[in-house]
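Structural overview for review
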Amino acid sequence: MFALVDCNNFYVSCERVFNASLEKKPVVVLSNNDGCVIARSNEAKALGIKMGAPFFQNRDVFRKKGVRFCSSNYSLYGDMSGRVMATLQQFTPELELYSIDEAFLCLDGCTGLTQYGRLLRSTVRQHTGIPVSIGIAPTKTLAKVANKIAKKDAALQGVLDIAAVRDIDGLLERVPVEEIWGVGSRYAAMLNRHGIKNACQLKKADDAFIQKTMTIAGLRTVHELRGSPCIGLEQAPKPKKAIGSSRSFGKPVEALEELLESVSEYVSRAAEKLRAQNCAASTVQVYLTTNRFKDEPHYANYLSCTLPAPTAYTPELIRCAQACLKEIYRKGYRYVAGVDEAGRGPLAGPVVAAAVVLPPRHPFPRVNASKKLTPLQRDKAYAEIVRGA
């Protein structure tokens, strides 16, 4: 048996743990540089606030409706996630960290699963202050379904053991096909065209049709809906291919010295993550941009370099990142914030992303820059990195 434990409105719940005045109030958490809504409390959802809503367009609406808003604090959320997962590990050593606010647990051998789930839920709340919902089922896909229902139905008190449901098909009929784990929007549209609109209909679909239109992965999803486990726990997560580190500035920054200091801090944190998973970086990339929502001159650029040999040595990574930053920095602009993950492109400020890849084929550093850098500037970057500046 599997249990999916999902923290309710996780970022908002973390903020409420340290600010009791936010309880039972409409609350939203904003992305870096307070750009858009990335988390909402149930009260905020009831007001019709959409995920991803731009803050600058809705500031007056939020104030009129009494919506409280918080800037994102990813260090806090990471720490609270660690506390939740540590609490879950007290119940079973077989645990898969699926995301920052979700985990699958193996409950084989446990009895009275509904009561066990409620004990687990109350323990997490007592130890961390974070409310969770728990779905229990013989497969991970059904556990996902059970979790969604447990989160929405207050009568279930946050826990649903799908094996205890008499009419499972009736339960699955309540779940739109687009909400099934592993079914994306394109597959959902295709299934709807063929008259498959809910989880029960997908469960009863023809295997040959599913494999032809959704590949073997889709067929596994159908078998999981039928109660046959096809997806096991992944207790040893794969190493990340890229690691990003960034923070928002409390005020616009113009001086190169302040930016260099910030990038050094970001690189140090990325290097810690590299060493924690026993990996090395062969590429370092730095993004730099101003606030595109402000009525002032805008500038955005990035520069990446490939190191002579993969490394997780902090001073070496800092030297490379600072060399990149010096090349793309321009005076007269007010830089504000950054992105959270490598590979998504520059959004709003300086960020360093250390990509964890195989050793490069080329024995010398390579620099890839945006079109705004001239060949002369790239040559200078080569020289500076080689010198170890």
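Above this text you will find the structure in question.
Just so we're clear, the structure is a prediction, and the values are computed from it rather than from any experiment.

With that settled, the discussion passes to the overall build of the chain. Scanning the chain from terminus to terminus reveals 13 helices and 13 strands. Expressed as a percentage of its 389 residues, the buried residues of the chain come to 47%. When contacts within the chain are restricted to residue pairs at least 6 apart in sequence, long-range pairs at least 24 apart make up 66% of them. Put simply, the chain shows about 19600 Å² of open surface, and 51% of that area lies on carbon and sulfur atoms.

All right, on to the sheet that holds strand β2 (residues 27–30) then. Spatial ordering of the open sheet is given by β3-β2-β4, a layout of three strands whose pairing is mixed. In the strand order of this sheet, the two ends are held by β3 (37–40) and β4 (68–71), each with one partner. Mean inter-strand twist for the sheet, computed between neighbouring axes without regard to direction, equals 30°. Taken together, the three bridges between β2 and β3 define a ladder with antiparallel strand orientation. The partner of Val-29 across the bridge, within β3, is Ala-39. Each of β2, β3 and β4 is contacted by helix α1 (residues 10–17), which is oriented at about 105° to β2, the strand it contacts most.

Tallied over the full model, the rule gives eleven aromatic pairs. Ring centres of Phe-91 and Tyr-116 lie 5.8 Å apart, and the angle between their planes is 85°; on these two criteria the pair is classed as edge-to-face. Residue Phe-91 is located in the loop between α4 (74–88) and β5 (95–99), and its partner Tyr-116 is located in helix α5 (residues 113–128); the two are separated by 25 residues in the primary sequence. A relative accessible area of 19% places Phe-91 in the buried class.

Next up on the list: the state of the cysteines. Counted under the stated rule, the structure contains one disulfide. In this model Cys-305 forms its disulfide with Cys-320; the gap between the sulfur atoms is 2.2 Å. Remark: Cys-320 occurs in helix α12 (residues 314–328) and Cys-305 occurs in strand β11 (residues 300–311); sequence separation between them is 15 residues. For Cys-305, a relative accessible area of 0% translates into the label buried.

So, about the packing of helix α11 (residues 256–276) against α12. For the pair α11 and α12, interaxial distance at closest approach is 9 Å and the crossing angle is 140°. By the criterion of interaxial angle, the relationship of α11 to α12 is oblique. In this structure, α11 crosses over α12, and the sense of that crossing is right-handed. Mapping the contact onto sequence places Leu-256, Leu-259, Leu-260, Val-263, Ser-264, Val-267, Ser-268, Ala-271, Leu-274 and Arg-275 in α11 and Thr-314, Leu-317, Ile-318, Ala-321, Gln-322, Leu-325 and Lys-326 in α12.

Next up on the list: the environment of Leu-160. Its place among the elements puts Leu-160 in strand β8 (residues 159–161). With residues up to four places along the chain from it excluded, the contact list for Leu-160 reads Ile-134, Gly-135, Ile-136, Ala-146, Ile-149, Ala-150, Val-165 and Leu-171.

On to the pattern of salt bridges, then. Side chains that differ in charge, positive against negative, can pair when their charged atoms come close. Evaluated as defined, the whole model comprises twelve salt bridges. Among the salt bridges present, the one from Lys-204 reaches Asp-169, with a minimum N-O distance of 3.6 Å. Of the two residues, Lys-204 sits in the loop between α9 (199–203) and α10 (207–225) while Asp-169 sits in helix α7 (residues 168–172), which places them 35 residues apart along the sequence. A relative accessible area of 58% means that Lys-204 is categorised as exposed. Asp-169 sits in the partly exposed class, given a relative accessible area of 24%. For Arg-319, the salt bridge identified is with Glu-316, shortest N-O distance 2.5 Å. One end of the pair, Arg-319, and the other, Glu-316, are both in helix α12, three residues apart, so they sit about a helical turn from each other. For Arg-319, a relative accessible area of 31% gives the class partly exposed.

Cut-offs used in this document
Residues numbered from 1 in each chain as written. Predicted model: local features only at pLDDT ≥ 70, side-chain atom pairs only at ≥ 80, totals over all residues. Heavy atoms only, no water. Helix = DSSP H or I, 4+ residues; strand = E, 2+ residues; numbered from the N terminus. Buried < 20%, exposed > 50% of the residue type's maximum accessible area, 1.4 Å probe, protein only. Contact = heavy atoms within 4.5 Å. Areas by Shrake-Rupley, 256 points an atom, 1.4 Å probe, with all protein chains shown as cover. Pairing = 2+ DSSP bridges. Axes fitted to C-alpha atoms, helices over the stretch in contact; angles between N-to-C directions. Phe/Tyr/Trp six-rings, centres within 6.5 Å; stacked < 30°, edge-to-face > 60°. Disulfide = S-S within 2.5 Å. Parallel < 35°, antiparallel > 145°, perpendicular 65-115°, else oblique. Left-handed = near helix turned anticlockwise from the far one by under 90°. Salt bridge = Lys/Arg side-chain N within 4 Å of Asp/Glu carboxyl O.

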